[in-house]
Amino acid sequence: QVELVESGGGLVQPGGSLRLSCAASGSSISMNVMGWYRQVPGKDRELVAVMTSSGSLTYGDSVKGRVTISRDNAKDTVYLQVNSLKPEDTAVYYCYARNWLHREFWGQGTQVTISS
């Protein structure tokens, strides 16, 4: 059973930074794509950033210039650094992974709240 375990969410003041991490476990097949999406109530889940095992990056328009995604391929772990946080960054952030057989997996989600 593949599991994506997220950590690092919480309450952050506007203008601050946060770092999320997500580790995949239980898979005999490594992950090609790993990254993050986010969702607020009443809206579709939107891309934050994803990264392939070869290093290709895709960022969501709403966070470009403020996020850095990185990976440890050997550990199937992905990290997300978000800077200059805004109240509109408040959302549940979900870890995403897709293995080399194109099976997709989602984490349980971690709440990020930007508020003073």
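Residues numbered from 1 in each chain as written. Predicted model: local features only at pLDDT ≥ 70, side-chain atom pairs only at ≥ 80, totals over all residues. Heavy atoms only, no water.

Draft legend 1. The nonpolar core, seen in detail. In terms of nonpolar packing, the biggest core is built from 26 residues, with Trp36, Leu80 and Tyr93 touching the most fellow members. The residues touching tyrosine 93, leaving out its near neighbours within four places in the chain, are Glu6, Leu20, Trp36, Tyr37, Arg38, Val48, Leu80, Gly109, Thr110 and Val112. (Core = buried A, V, L, I, M, F, W, Y, C linked by side-chain atoms within 4.5 Å. Buried < 20%, exposed > 50% of the residue type's maximum accessible area, 1.4 Å probe, protein only. Contact = heavy atoms within 4.5 Å.)

Draft legend 2. Here's a closer look at the packing of aromatic side chains. Within the structure shown, the criterion is met by 3 aromatic pairs. Plain terms: the ring middles of tyrosine 37 and tyrosine 96 are 5.6 Å apart, the flat faces sit at 65° to each other, and that makes the pair edge-to-face. One end of the pair, tyrosine 37, is in strand E4 (residues 31–39); the other, tyrosine 96, is in strand E9 (residues 91–99), with 59 residues separating them in the sequence. Measuring from ring centre to ring centre gives 5.2 Å for tyrosine 37 and tryptophan 106, while their planes differ by 70°; the resulting arrangement is edge-to-face. A residue pair is termed long-range when its members are at least 10 positions apart, and tyrosine 37 in strand E4 and tryptophan 106 in strand E10 (residues 104–106) qualify at 69 residues. One aromatic cluster is present, built from ring pairs that chain together Tyr37, Tyr96 and Trp106. Here the basic side chain of arginine 45 rests over the ring of tyrosine 94, its NZ or CZ set 3.7 Å away from the ring centre. Note that arginine 45 overlies the ring of tryptophan 106, its terminal NZ or CZ placed 4.6 Å from the centroid. (Phe/Tyr/Trp six-rings, centres within 6.5 Å; stacked < 30°, edge-to-face > 60°. Helix = DSSP H or I, 4+ residues; strand = E, 2+ residues; numbered from the N terminus. Lys NZ or Arg CZ within 6 Å of the ring centre and 35° of its normal.)

Draft legend 3. Unusual backbone geometry, seen in detail. For serine 84, which is not glycine, the phi torsion reads 50° and is therefore positive. When you line up the elements, serine 84 lands in the loop between strand E8 (77–82) and E9. On the basis of relative accessibility, which here comes to 42%, the residue serine 84 falls in the partly exposed class. Although it is not a glycine, histidine 102 adopts a positive phi angle of roughly 70°. Secondary-structure assignment places histidine 102 in the loop between E9 and E10. The exposed category is assigned to histidine 102, whose relative accessible area is 61%.

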